[in-house]
There are 2 protein chains.
Amino acid sequence: MNPSGLDSLIEALRCLPGVGPKSAQRLAYHLMQHDRSGAARLGESIQHALKAVRHCQRCNTFTELEVCERCLSSRRDASLLCVVETPVDMNMMEQTLAYQGLYYVLMGKISPLDGVGPRKLDLDKLLSRATDGVVREVILATNYTNEGEATAHYITAMLKTSGVGITRIARGVPVGGELEYVDSGTLAQALRERKSLGMT
Amino acid sequence: MNPSGLDSLIEALRCLPGVGPKSAQRLAYHLMQHDRSGAARLGESIQHALKAVRHCQRCNTFTELEVCERCLSSRRDASLLCVVETPVDMNMMEQTLAYQGLYYVLMGKISPLDGVGPRKLDLDKLLSRATDGVVREVILATNYTNEGEATAHYITAMLKTSGVGITRIARGVPVGGELEYVDSGTLAQALRERKSLGMT
């Protein structure tokens, strides 16, 4: 009953997580009726981001460069590698001002229920990054959820024979909690009290 | 802390109603990490819709033509004009299969709290549509909310001297509704607007 261009837009909006048929229709009507300039900006931003945004070859976070600015910085301690699930988690770690090392962003977690196994997470990339000869300690800062714990266990097993120290941020983070919602003080404590899981 | 292309995308996503900074970030990460093909489709659909979708010159609904198919149809009774707030409401009316006339879609309602007055609704367009000489009855099917009622009152006053009949869809107990669960306002109206079933 809608013109086809509008129907395509409604269908396309459903790629956004949490948007079902009714909300998609409402979003589309809103964009077409009340915010055409916002819609134009959104369309352009999506297409620009798709072209420009890729993954840092070293830390795997989003960047527009081959290697992101943080990985290139000479001020960071390259012997420390902090493994986090998402760029949001990396930002949370940065906000503690308690960490000066580098990062590796998994862009996910091992989650069999969602069909994400170790291969889909491309942990080989982490393996080669962690065993580049410069990294001395890998700090596992995945969430203290079941999936985050499983991911940490898997990475620990993977790196066990590599000769690199492996630590886990302390369980100061509430069990079942997610980094994104923890205050920086708690997170700083958890970082300071990280505990060894293998050789140190 | 995000690359600029990603930041622009996050900012642009906030044009969607109900999307704040945190959800915008999550949506952007989702699109860039997990659904690039969906994002590409969304970007294209937005830009296509912006070019293709406009308002029907007669009924004001969304269409890709000058005048929409429904307005051009010879099967519809052009002497009836049903005024609704949104295309969704028009679809609801169509689903009743009880109406064969034409529509006028306001694309909003008079709502002083949101800064929408009669001028912003472009009611002049409705006035010239309703007084084209063919329309004999304008059926007001705006919502029975405060804003919908205000809109219906305003349109009634506007058309009063035009010689066109003006009606309002009935208000009362919903079909299948039980008195026990109907709010007292609705029940009071249903009582006041009771209709004769025989001699009274």
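Throughout this document, residue positions are counted from 1 along each chain, in the order its sequence is written. For this description, chains carry letters from A and ligands carry numbers from 1, given in the order in which they are written. For this predicted model, a pLDDT threshold of at least 70 governs which residues receive local features, and a threshold of 80 or more governs which side-chain atom pairs are given and counted, while totals over whole chains, interfaces and linings are taken from all residues. To obtain the side-chain values, all non-hydrogen atoms of the structure were used and water was disregarded.

As a further point, take the overall build of chain A. Each helix is a run of H or I in the DSSP string that is no shorter than four residues. Each strand is a run of E no shorter than two, and both are numbered from the N terminus. Helix and strand content of chain A: eight helices and seven strands. The dimensions of chain A, computed from C-alpha atoms along their principal axes, are 65 × 35 × 35 Å. Relative to its full complement of 200 residues, chain A shows a buried share of 52%. Counting contacts in chain A only where the partners sit at least 6 residues apart, residues at least 24 apart contribute 57% of the total. When a residue's accessible area, from a 1.4 Å probe over protein chains only, is under 20% of the maximum for its type it is buried; when over 50% it is exposed; and in between it is partly exposed. Two residues form a contact once any of their heavy atoms are found within 4.5 Å.

Note on aromatic pairs: the rings of Phe, Tyr and Trp (six-membered ring only in Trp) are paired at centre separations within 6.5 Å, and the planes decide the class, stacked below 30 degrees, edge-to-face beyond 60, tilted for the rest. With the rule as written, the count across this model stands at four aromatic pairs over all chains. As a reminder, the over-ring test applies to NZ of lysine and CZ of arginine, requiring each to be within 6 Å of the ring centre and within 35 degrees of the ring normal. Note that R168 of chain A overlies the ring of Y144 of chain A, its terminal NZ or CZ placed 4.1 Å from the centroid.

Each salt bridge in this description consists of a side-chain nitrogen of Lys or Arg and a carboxyl oxygen of Asp or Glu lying within 4 Å of one another. The final tally for this structure, using the stated rule, is 14 salt bridges over all chains. Measuring nitrogen to oxygen at the nearest pair gives 2.9 Å for the salt bridge that ties E149 of chain A to R168 of chain A. Of this pair, E149 of chain A sits in helix α7 (residues 146-159) while R168 of chain A sits in strand β6 (residues 165-168), and the two are 19 residues apart along the sequence. Exposure class is identical for E149 of chain A and R168 of chain A. Each is buried. Among the salt bridges present, the one from R70 of chain B reaches E94 of chain B, with a minimum N-O distance of 3.6 Å. Of the two residues, R70 of chain B is situated in helix α4 (residues 69-72) and E94 of chain B in helix α5 (residues 87-95); the sequence distance between them amounts to 24 residues. Taken as a pair, R70 of chain B and E94 of chain B share a single burial class, namely buried. Linked by salt bridges that have partners in common, E149, R168, R171 and E193 of chain B make up one network.

All right, on to the nonpolar core then. By size, the foremost hydrophobic cluster in this structure holds 72 residues, and its most contacted members are L16, M32, L42 and M93 of chain A together with L16 and L42 of chain B. Once you skip the residues sitting within four places of it in the chain, L16 of chain A turns out to touch L16, L27, L31 and L42 of chain B. The nonpolar core is taken to be a set of buried Ala, Val, Leu, Ile, Met, Phe, Trp, Tyr and Cys residues, with the residues joined through side-chain atoms within 4.5 Å. Ranked by size, the runner-up nonpolar core spans 20 residues in total, among them V116, L123, V138 and M158 of chain A.

This part is about helix α5 (residues 87-95) of chain A. All names here are of chain A. The buried fraction of α5 is high, at eight of nine residues. Within the sequence span of α5, burial applies to P87, V88, D89, M90, N91, M92, M93 and E94. One or two residues past the end of α5 sits L97, with phi positive at roughly 60°.

Below, the discussion takes up the interface of chain A and chain B. Taken residue by residue, the interface counts 50 residues in chain A and 51 residues in chain B. Across the interface of chain A and chain B, roughly 4500 Å² is buried in total on both sides, 68% from carbon and sulfur atoms. The interface formed by chain A and chain B holds zero salt bridges in total. In the analysis that follows, any N or O atom pair within 3.5 Å is treated as a polar contact, provided that within protein one partner can donate a hydrogen and the other can accept it, and provided that, for residues neighboring in sequence, both atoms belong to side chains. Along the contact surface separating chain A from chain B lie nine residue pairs in polar contact (both at pLDDT 80 or more). Within the residue set of the side of chain A that touches chain B, elements represented by two or more residues are α1 (4-13), α2 (21-34), α3 (36-52), β1 (54-55), β2 (62-63) and α5 of chain A. Element by element, the count of residues in the side of chain A that touches chain B is highest for α3 of chain A, at 14 residues. By buried area we mean how much accessible surface two parts lose on assembly, using a 1.4 Å probe and totalling the loss over both.

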